[in-house]
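Structure assessment
Here is how the chains run, residue by residue.
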Amino acid sequence: MTIDEKVDKTLSDLGVTDAAGVAALFAEVRAAMEQDLENLRARGAVDQSERLKMAKDTRDRWLSRKNGLVSLADENWLKKAPQDLKPAVGLAFNQLRQFGACMKVEELVKVVRLLESRNDIVEQSRNISAASTRAEMQGREDAVAPVSGSSLKARVSSGGISTTHDLTLPGLRRPLGSIHPVTRVQREIEDIFLGLGFKIETGPEIESVHYNFDALNIPESHPSRDDFDTIYIDAQTLLRTHTSPVQIRAMEKWVKAGSPGGLYVITPGKCYRNDNPDATHSPMFHQIEGLAVDTDITFGDLKGTLDYFAKKFFGDETRTSFTPSFFPFTEPSGEVAVSCYVCGGTGCRTCKESGWIELMGCGMVHPQVLKNGGIDPEKYSGWAFGLGIDRFTMARYGINDIQLFFQGDVRFLEQF
Ligand SMILES: [Zn+2]
């Protein structure tokens, strides 16, 4: 049913029985009004007489005393409204009439004329409606002077706050945002390690080959360098493939400060690899690494720390398992698996019936890497681990596609 048909009926004919229904109905009328304005703007006119005619037609359609849509709404909706709906209808009608001020002939002519001047059309015609609405509300019809760009602006800016603004009008409701799930899990992991006395270190995402590979014991000839299908900026600069370069930077900083106490840091951040996006890969992803360097660090410290972390993150029942692995920057190296957080270790689809889920790599820092960071491996030892925050987030929330994190789809994000 069109608006024209609706204003011929009463509210009860239309099935409008409550305030929400009234609001929706008047919103529809207002939208129709705005659509007519839009149509005028879009059409333009050849000359002054056509401008006048178009403006008059539109004006009559809305404001004509006898059969204008506003008058009919007054007659059939407001006057015939049941007693309990009267306040709501009265308020909505009043607001409509105020906005309707921009349907007066002189205002509509300006809308059309502005279009022809082709000068910042949309903006200015919006200003006209806004300014004239304001002028109307202030009861100052005489304030509507012939339009030029500058007088328009002056009028809009001097419109200011009117003492007759209807303070009962609803305000603008802005949708509330929420913390991104990856950020949420990153903070959770950070909190656990901060509680153990670790500090957060960050570094540049555009990194030198030296920090990203060479200093980490991955020389150019090393086959594992090929595993990082990397996004280079030039021969010596690249988007970092892991957050490990921050470990070298942290070591250098610590040595420069005179190696106070031990070095205990975590390094959260974005990493980049030339991976095709699919359910488990993204060219941009998040890592967090941990590094502990001190005079008497052993593999036992590493196991104890990661076991504590796993229990804190996945729950007290969680068990950890360490299996040998290889990384160029640690020796010995290991993979850490946690008992399946879905089935508790009895076997299910998530853990592929194994009862375990592999979640991170770790190991004792390679003596050469300590040296590259300016640390004497005879005096100090250290351990390090690295994990993917995105994978942890998928595990935490049972998400099966990493792409969901980076598509910005509000329907996904608002669930967190
Ligand atoms: Zn399982």
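Here is what the cut-offs are and how they apply
- Residues numbered from 1 in each chain as written.
- Predicted model: local features only at pLDDT ≥ 70, side-chain atom pairs only at ≥ 80, totals over all residues.
- Heavy atoms only, no water.
- Helix = DSSP H or I, 4+ residues; strand = E, 2+ residues; numbered from the N terminus.
- Buried < 20%, exposed > 50% of the residue type's maximum accessible area, 1.4 Å probe, protein only.
- Contact = heavy atoms within 4.5 Å.
- Areas by Shrake-Rupley, 256 points an atom, 1.4 Å probe, with all protein chains shown as cover.
- Phe/Tyr/Trp six-rings, centres within 6.5 Å; stacked < 30°, edge-to-face > 60°.
- 1 Å grid on protein atoms, 1.4 Å probe; cavity = no way out; pocket = protein on both sides within 12 Å on 5 of 7 lines; lining within 4 Å.
- Points joined across faces, edges and corners; volume = space filled by probe spheres on them.
- Salt bridge = Lys/Arg side-chain N within 4 Å of Asp/Glu carboxyl O.
- Pairing = 2+ DSSP bridges.
- pLDDT = per-residue confidence, 0-100.
- Axes fitted to C-alpha atoms, helices over the stretch in contact; angles between N-to-C directions.
- Parallel < 35°, antiparallel > 145°, perpendicular 65-115°, else oblique.
- Left-handed = near helix turned anticlockwise from the far one by under 90°.
- Nonpolar A, V, L, I, M, F, W, Y, C, P; charged D, E, K, R; others polar.
- Expected span 1.5 Å × (residues − 1).
- Arc of directions from axis to C-beta.
- Donors = N, O, S within 2.8 Å, 3.2 Å for Na, K, Ca; no water.
- Tetrahedral: all angles 85-135°; square planar, octahedral: opposite > 155°, others 65-115°.

Looking now at the overall build of the chain. Per the secondary structure count, the chain includes 16 helices and ten strands. Sorting the 416 residues of the chain into buried and exposed places 44% on the buried side. At a minimum sequence separation of 6, the contacts of the chain that also span at least 24 residues come to 68%. Counting every atom, the chain has about 21,900 Å² of accessible surface; 51% of that belongs to carbon and sulfur.

On to the packing of aromatic side chains, then. As enumerated under the stated definition, the model contains 20 aromatic pairs in all. Measuring from ring centre to ring centre gives 5.9 Å for F198 and W383, while their planes differ by 40°; the resulting arrangement is tilted. You can see F198 sitting in the loop between α9 (181-195) and β1 (199-200) and its partner W383 sitting in strand β10 (residues 381-388), a full 185 residues away along the chain. Using a relative accessible area of 6% as the deciding quantity, one classes F198 as buried.

This next bit is on the layout of surface pockets. In this model, the largest pocket occupies a volume close to 960 Å³. Taken together, 38 residues make up the lining of the largest pocket; nearest its centre are F228, R273, F285, Q287 and F327. Elements that contribute at least two residues to the lining of the largest pocket include exactly α11 (224-227), α12 (244-256), β6 (284-294), β7 (320-327), β8 (330-339), β9 (356-365), β10 and α15 (389-397). Per-element accounting of the lining of the largest pocket gives the leading share, six residues, to β9.

Turning our attention to the pattern of salt bridges. Using the criterion set out here, one finds 13 salt bridges in the structure. Across the pair K79 and E75 runs a salt bridge, and its minimum N-O distance is 3.5 Å. Relative accessible area serves as the criterion here: at 39%, E75 is assigned to the partly exposed category. Close ionic contact of E201 with K253 constitutes a salt bridge, the shortest N to O distance being 3.0 Å. Note that E201 is positioned in the loop between β1 and β2 (206-208) and K253 in helix α12, a separation of 52 residues in sequence.

Within a regular beta strand, the side chains point alternately toward one face of the sheet and then the other, so they alternate between its two faces. Across the ten residues of β8, seven count as buried, placing the element largely inside the fold. The pairing of β7 with β8 spans seven bridges and is classified as antiparallel. In the strand pairing of β8, S325 is matched with S333. As consecutive antiparallel partners, β7 and β8 are separated by two residues.

Our next topic: the confidence of the model for the chain. The predicted model of the chain averages 85 in pLDDT, with 87% of residues at 70 or higher. Confidence over residues 140-162 falls short of pLDDT 50; this stretch has 28 contacts with residues more than four positions distant or in other chains.

With that settled, the discussion passes to the sheet that holds strand β4 (residues 237-239). Backbone hydrogen bonds hold the strands of a sheet together, and the pairing may be parallel or antiparallel. Spatially, β2-β4-β3 is the arrangement adopted by the three strands of the open sheet, whose pairing is antiparallel. Looking at strand neighbours, the two that pair on one side only are β2 and β3 (232-234), the edges of this open sheet. Each adjacent strand pair in this sheet contributes to an overall mean axis angle of 35°, direction not counted.

Let us look at the packing of α9 against helix α13 (residues 299-314). Where α9 meets α13, the axes come as close as 10 Å, and the angle between the chain directions of the two elements is 135°. Between α9 and α13, the angle is such that the two are oblique. Here α9 and α13 pass one another in a crossing that is right-handed. Residues V185, E188, I189, I192 and F193 of α9 form the contact with α13, whose participating residues are T305, L306, Y308, F309, K312 and F313. Across the contact of α9 with α13, the residue classes tally to eight nonpolar, one polar and two charged.

The end-to-end C-alpha separation of helix α3 (residues 48-63) is 21 Å, in line with the 22 Å expected for 16 residues at 1.5 Å each. Those residues of α3 that fall on the buried side of the exposure criterion are R51, M54, A55, T58 and W62. The buried side chains of α3 occupy one side of the element, clustering within an arc of 95° when seen end-on. Across α3 from its buried face, at more than 90 degrees, point the exposed residues S49 and K53.

Our focus in this paragraph is the coordination of the zinc ion. At this site the zinc ion is bound by C340 (SG), C343 (SG), C348 (SG) and C351 (SG), with donor distances of 2.2 to 2.3 Å. Coordination at the zinc ion comes from four donor atoms whose angles at the metal span 103 to 114°, giving a geometry best classed as tetrahedral. On the primary sequence, the residues serving as donors to the zinc ion are separated as C-x2-C-x4-C-x2-C. By relative accessible area, which is 4% here, C351 ends up buried.

Our focus in this paragraph is the sheet that holds strand β5 (residues 263-272). Spatially, the seven strands line up as an open sheet ordered β1-β5-β6-β10-β9-β8-β7, and their pairing is mixed. At either margin of the open sheet sits one strand with a lone partner, and together these are β1 and β7. Bridging between β5 and β6 involves ten bridges; their strand directions are antiparallel. Bridge pairing links I266 to G290 in β6. In the packing of α13 onto the sheet, contacts are made with β7, β8, β9 and β10, and the angle to β9 comes to roughly 150°. Docked against the sheet, α15 engages β6, β9 and β10, running at close to 55° with respect to β10.

It is at 9 Å that the axes of helix α2 (residues 19-43) and helix α5 (residues 86-99) come closest, and there the two elements cross at 10°. Put simply, α2 runs roughly parallel to α5. Two secondary-structure elements touch here, α2 through A19, V22, F26, V29, R30, M33, E34 and L37 and α5 through A88, V89, A92, F93, L96 and F99. Residues belonging to the contact of α2 with α5 are distributed by class as follows: twelve nonpolar, no polar and two charged.

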